[in-house]
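Working through the structure, step by step
The lines below spell out each chain.
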Amino acid sequence: MFSKRGNNIFSTVTFRLTLWYSILLAALSLSVFVLVYIWMAISLQRNLDKVLLDDAKEFRLIYERDGIDSLKKEFQLEATCEGVKRVFFRMFSPQMEVLATSDMEHWKDIGSPPATLKSFSSNKELLTAVSMPGYEHKVRVIYEKTADGNIIEAGHTLRDNDALMTRYRQTFGWGVLGILALGSIVGWSLADRAMSGVKRVTQTAVSIANEGNLIHRVPVGNEGREIRNLALAFNNMLERIQSLVSELREVTDNIAHDLRSPITRIRGVAETTLTSNEKLDTYREMTATIIEECDRLVGMINTMLEITETQAGAANFEVAPVDIIKIVKDAHELFQPVAEDKNVTLELDVQNGVKTVLVPGDAVKLQRAMANLLDNAVKYTDYGGKVTVSVEQMQTQAKISVSDTGPGIDEKDITRIFDRFYRADTSRSTAGNGLGLSLAHAIVRAHKGKIVVESTPGKGSTFTIILPCISDTN
Ligand code: ADP
């Protein structure tokens, strides 16, 4: 069912999410690294420049105040304190003759100051970085001019700064690797957890497909609202499919059952016709019975089709203003002879003063729904009982009720009587196919109305149709 490509770990959402987390984390870490690196490099250089500047100013002050000998001592002292391999100091005449130096053993190859220095003005300092041959690190150097034109030079190795930056690079590199590894593990487990709900849905779907059993449901976890909603929606869908399938099975069973009886009867009559040697009138009678049974079958099949079409909204509806009072009166008139035959009183009760109640709809379909309710009421009401049909208008709604003094409907049956082919056990002795109420229900629903039933077993039932009406026409 699933392709090989689907089993590849690289094609999973979990892997892709983890990859995205990791790429994002790496990009973020790299940006932080670059920013901190630049900031550190600038800060370190600034600090060093400040130290050099302070040294140069101090040397100039000592030279101008106490003379060259004091400066020489200060050069030695300062270099010893800071480390002769880390710093050096020199003073040049305007002709670039060395006038004073600190210990230059380590700085033999540092070279002379640049020639451009001759032209640079006093009270200004010049900062630059120079390389010393054979020495790995650069040297930061400051030049300061004294009042008499001499030049003080102070140099400081950048070795410490370079070491610090190297250590930072290494520490950050390992740190980022650690964060990336941890981030990927956490990302993977989070994505895997989020996807576990989807996996459960897939597993359930696969189990249903393999076993063909709709009993399976997705366990609802707590990975998050979306996953929870997916599981609930999937379960609801399964619930619906399961009930539709069982409804379909029941309908199929009922159809099979309901078709079998008339077909068996037709076959029986046909067999008798074939095998017996009767008079012509008897054959005519038998053929009439066959036709009657066939009509019943065709009627049943047509009703089933009509229900399906009406429910699917595919039925041909002639929508026009329909006078409900006229429909009810016609139906009352139509069923009067049937009621009289059973000695059932059929009463019509139209709301006082109301002449017309207009409903947008199909007159023929509404007549059909009305006829089904009246047919049932008369059919299930015993000899001497009473059936009342009433119509009233309630603001924007038309209300049509059919009440009878029949046997009523049991509580266990009341929720099912609108199902196709459903017949209460007590009604099995009465003719019918269990499709009348389904059709009435489908027609009323197609007219955006509703049909409700109230019943007291042993006392009678009232079926009420409520339809939206056009406006107050009286
Ligand atoms: P049927 O052809 O059996 O009348 P319907 O769909 O019209 O089919 O009705 C479904 C079932 O509802 C009936 O079999 C009967 O059990 C019950 N029923 C319908 N109307 C009434 C009523 N007025 N009084 C009692 N039971 C009724």
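Here, residues in each chain are numbered from 1, in the same order as that chain's written sequence. Where totals are concerned, whole chains, interfaces and linings use all residues; where local detail is concerned, this predicted model gives features only for residues with pLDDT of at least 70, and gives and counts side-chain atom pairs only at 80 or more. In computing side-chain properties, one takes all heavy atoms of the structure into account and sets aside hydrogens as well as water.

Below, the discussion takes up the overall build of the chain. Per the convention used, a helix needs a DSSP run of H or I reaching at least four residues, while a strand needs a run of E reaching at least two, with both numbered from the N terminus. Regarding its fold elements, the chain presents 10 helices and 12 strands. With the radius of gyration taken over C-alpha atoms, the globule rule is written as 2.2 Å times the number of residues to the power 0.38. Relative to a compact globule of 474 residues, whose C-alpha radius of gyration would be 23 Å, the chain shows 51 Å and is clearly more extended. If you line up the chain on its principal axes, its C-alpha atoms span 155 × 60 × 35 Å. Sequence separation of at least 24 residues holds for 64% of the intrachain contacts in the chain that already meet a minimum separation of 6. In this description, contact between two residues means that some pair of their heavy atoms is separated by no more than 4.5 Å.

Further remarks concern the sheet that holds strand β1 (residues 87–92). Strand order in this open sheet of 5 strands is β2-β1-β5-β4-β3, and the pairing throughout is antiparallel. Unpaired on one side and paired on the other, β2 (98–101) and β3 (125–130) mark the two borders of the sheet. If you compare each strand with its neighbour and ignore which way they point, the axes differ by 20 degrees on average. Bridging between β1 and β2 involves 3 bridges; their strand directions are antiparallel. Residue pairing for β2: F92 is matched across the bridge by V98. A fitted line through C-alpha atoms serves as each axis, taken over the contacting stretch for helices, and the angle formed by two N-to-C directions is quoted from 0 to 180°. Strands β1, β3, β4 (139–145) and β5 (151–157) of the sheet are contacted by helix α2 (residues 13–66), whose axis makes an angle of about 35 degrees with β4. Here helix α3 (residues 68–82) sits on the sheet in contact with β1, β2 and β5, set at roughly 165 degrees to β1. In short, DSSP must find at least two bridges between two strands for them to pair.

Moving on to the site of the ligand. The cutoff for a nearby residue is simple: one of its non-hydrogen atoms must lie within 4 Å of the molecule or strand. Taken together, 20 residues form the shell around the ligand, and within it N376, Y380, R423, S427 and L437 come nearest. Any pair of nitrogen or oxygen atoms within 3.5 Å is treated as a polar contact; in protein, a donor-acceptor pairing is required on top of that, and neighbouring residues in sequence qualify only through side-chain atoms on both sides. Between the ligand and N376 there is a distance of 2.7 Å, counted from an oxygen atom to a side-chain nitrogen or oxygen. One of the side-chain nitrogen or oxygen atoms of D404 is found 2.9 Å away from a nitrogen atom of the ligand. Methods summary: accessible areas were calculated by the Shrake-Rupley approach with a probe of 1.4 Å, and residue burial reflects only the protein chains presented. Its free accessible area being 520 Å², the ligand has 97% of it covered by the protein chains. The leading source of residues in the shell around the ligand is helix α8 (residues 363–380), at 4 residues. In this count, Pro and Cys sit with the nonpolar residues alongside Ala, Val, Leu, Ile, Met, Phe, Trp and Tyr, while Asp, Glu, Lys and Arg are called charged and the others, Gly among them, polar. Each residue belonging to the shell around the ligand can be placed in one class, and the counts come to 9 nonpolar, 8 polar and 3 charged.

Along an α-helix, a turn takes 3.6 residues, which lines up residues three or four apart on a common side. In a regular helix each residue adds 1.5 Å, so 54 residues correspond to 80 Å; α2 covers 78 Å between its end C-alpha atoms and thus fits that length. Where α2 terminates, the next one or two residues include G67, which has phi positive at roughly 95 degrees. Helix span, expected: 1.5 Å multiplied by one less than the number of residues in the helix.

Let us look at the pattern of salt bridges. We count a salt bridge whenever a side-chain nitrogen from Lys or Arg sits within 4 Å of a carboxyl oxygen from Asp or Glu. As enumerated under the stated definition, the model contains 25 salt bridges in all. Residues E144 and K57 are paired through a salt bridge, measuring 3.5 Å at the closest nitrogen-oxygen approach. Residue E144 is located in strand β4, and its partner K57 is located in helix α2; the two are separated by 87 residues in the primary sequence. Given a relative accessible area of 0%, E144 falls into the buried group. Note that R60 and E64 form a salt bridge whose closest N and O atoms lie 3.4 Å from each other. With R60 and E64 both in helix α2 and 4 residues apart, the pair spans about one turn of that helix. Buried, partly exposed and exposed residues are distinguished by accessible area as a fraction of the type maximum, computed with a 1.4 Å probe on protein chains only: under 20%, between the cut-offs, and over 50%, respectively. When its relative accessible area of 18% is taken as the criterion, R60 is described as buried. Accessibility expressed as a relative area gives 39% for E64, which makes it partly exposed. Sharing partners across several salt bridges, the network here consists of K57, R60, E64, E125 and E144.

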